[in-house]
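Residue-level structural notes
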Amino acid sequence: MKTRVLSIAAGAAVFLSGTALAAGNPAAKAMMMNSDCFTCHAVDHQLVGPSFREIAQRYHGSAASGATIATLAKKIISGGNGHWNAQTGGMAMTPHPQLSQAQAEAMVKWVLAQ
Ligand code: HEC
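In this text the structure is predicted, and so the values were computed from the model without any measurement.

Overview of the packing of aromatic side chains
This structure, assessed with the given rule, holds three aromatic pairs. Taking the centre distance of 6.1 Å and the plane angle of 90° together, the rings of F52 and W110 count as edge-to-face. Of this pair, F52 sits in helix α4 (residues 52-58) while W110 sits in helix α7 (residues 101-112); the two residues are 58 residues apart in sequence, bridging distant segments of the chain. The two residues F52 and W110 agree in class, both being buried.

Rendered as structure tokens:
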């Protein structure tokens, strides 16, 4: 009985920390809301671009390497195409030259936490 209560509590803790991770950094999300990201992307379904959840799955979510995060940030800054043709039918992501590498990396980390 005691073990059972403990394992339920442990399950709840994992669930809660999972939820906190899924939310990501609110400052990065605010930056994305102020940009145009959500015009083309949604968290859980395809719009013009792939869903953020699908992007997180492809790049191993929060376990993505620093190099992957840097590369994805560069694509947001310079624009990207050709990696999601099956989902997008060949649409390109517009460049975002107004973003710094650090800002774009914060956005990528938020995306990967979805
Ligand atoms: C004009 C529509 C559009 C806007 C605006 C846009 N995206 Fe995209 N995004 C796309 C498309 C289309 C793709 C798929 C590109 C490809 O096939 O390589 C994509 C891909 C991505 C990827 C994955 C890149 C890869 O190579 O796997 C990330 C991360 C991303 N977008 C983040 C963002 C963020 C953050 C913003 C806001 C700063 C943003 N996008 C704004 C359309 C858009």
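Focus: the coordination of the iron atom of the ligand
By definition of the ideal shapes, a tetrahedral metal site with four donors has angles of 109.5 degrees and an octahedral site with six donors has angles of 90 or 180 degrees. Protein coordination at the iron atom of the ligand: the donors are H41 (NE2) and M93 (SD), at 2.0 to 2.2 Å from the metal. Between the six donor atoms coordinating the iron atom of the ligand, the angles at the centre fall across 84 to 180°, so the site counts as octahedral. Linking H41 in the loop between α3 (37-40) and α4 with M93 in the loop between α6 (85-88) and α7, this pair joins segments that are 52 residues apart in sequence. Residue classification places M93 among the partly exposed positions, given a relative accessible area of 28%.

Here's the deal with the packing of helix α5 (residues 66-78) against α7
Between two packed helices, what matters for the description is the angle formed by their axes and the separation of those axes. The geometry of α5 relative to α7 is characterised by a closest axis approach of 8 Å and an angle of 115° between their N-to-C directions. Comparing the axis directions of α5 and α7 gives the class roughly perpendicular. When the axes of α5 and α7 are compared, the crossing they make is right-handed. The segment α5 lies against α7, with I69, A70, L72, A73, K74, I76 and I77 engaging Q101, A104, E105, V108, K109 and L112.

What counts and how
- Every chain is numbered independently, its residues counted from 1 as its sequence is written.
- Confidence filtering applies because this is a predicted model: local features only for residues at pLDDT of at least 70, side-chain atom pairs given and counted only at 80 or more, and all residues used for totals across whole chains, interfaces and linings.
- Neither water nor hydrogens contribute to the side-chain values; these are computed over all heavy atoms in the structure.
- Think of it this way: a Phe, Tyr or Trp ring, Trp meaning its six-membered ring, pairs with another when their centres are within 6.5 Å, and the plane angle makes it stacked under 30 degrees, edge-to-face over 60, tilted otherwise.
- Helical segments are the DSSP runs of H or I of at least four residues, strand segments are the runs of E of at least two, and each set is numbered from the N terminus.
- For each residue, the accessible area found with a 1.4 Å probe, counting protein chains only, is set against the maximum for its type, and the residue is called buried under 20%, exposed over 50%, and partly exposed in between.
- The rule for donors is simple: N, O or S, within 2.8 Å of the metal, or within 3.2 Å if the metal is Na, K or Ca. Water isn't counted, so a site may look like it is missing partners.
- Four donors are marked tetrahedral only if all angles between them lie between 85 and 135 degrees, whereas four are marked square planar and six octahedral if opposite donors are more than 155 degrees apart and the other angles lie between 65 and 115; the remainder are marked irregular.
- Note on geometry: axes are C-alpha line fits, over the in-contact stretch for helices, and angles between N-to-C directions span 0 to 180 degrees.
- Angle categories are assigned with fixed cut-offs, so that under 35 degrees is roughly parallel, over 145 is roughly antiparallel, 65 to 115 is roughly perpendicular, and the rest are oblique.
- In this scheme the handedness of a crossing depends on how the near helix is turned from the far one: anticlockwise by less than a right angle means left-handed, clockwise means right-handed.
- It only takes one pair of heavy atoms within 4.5 Å for two residues to be counted as in contact.

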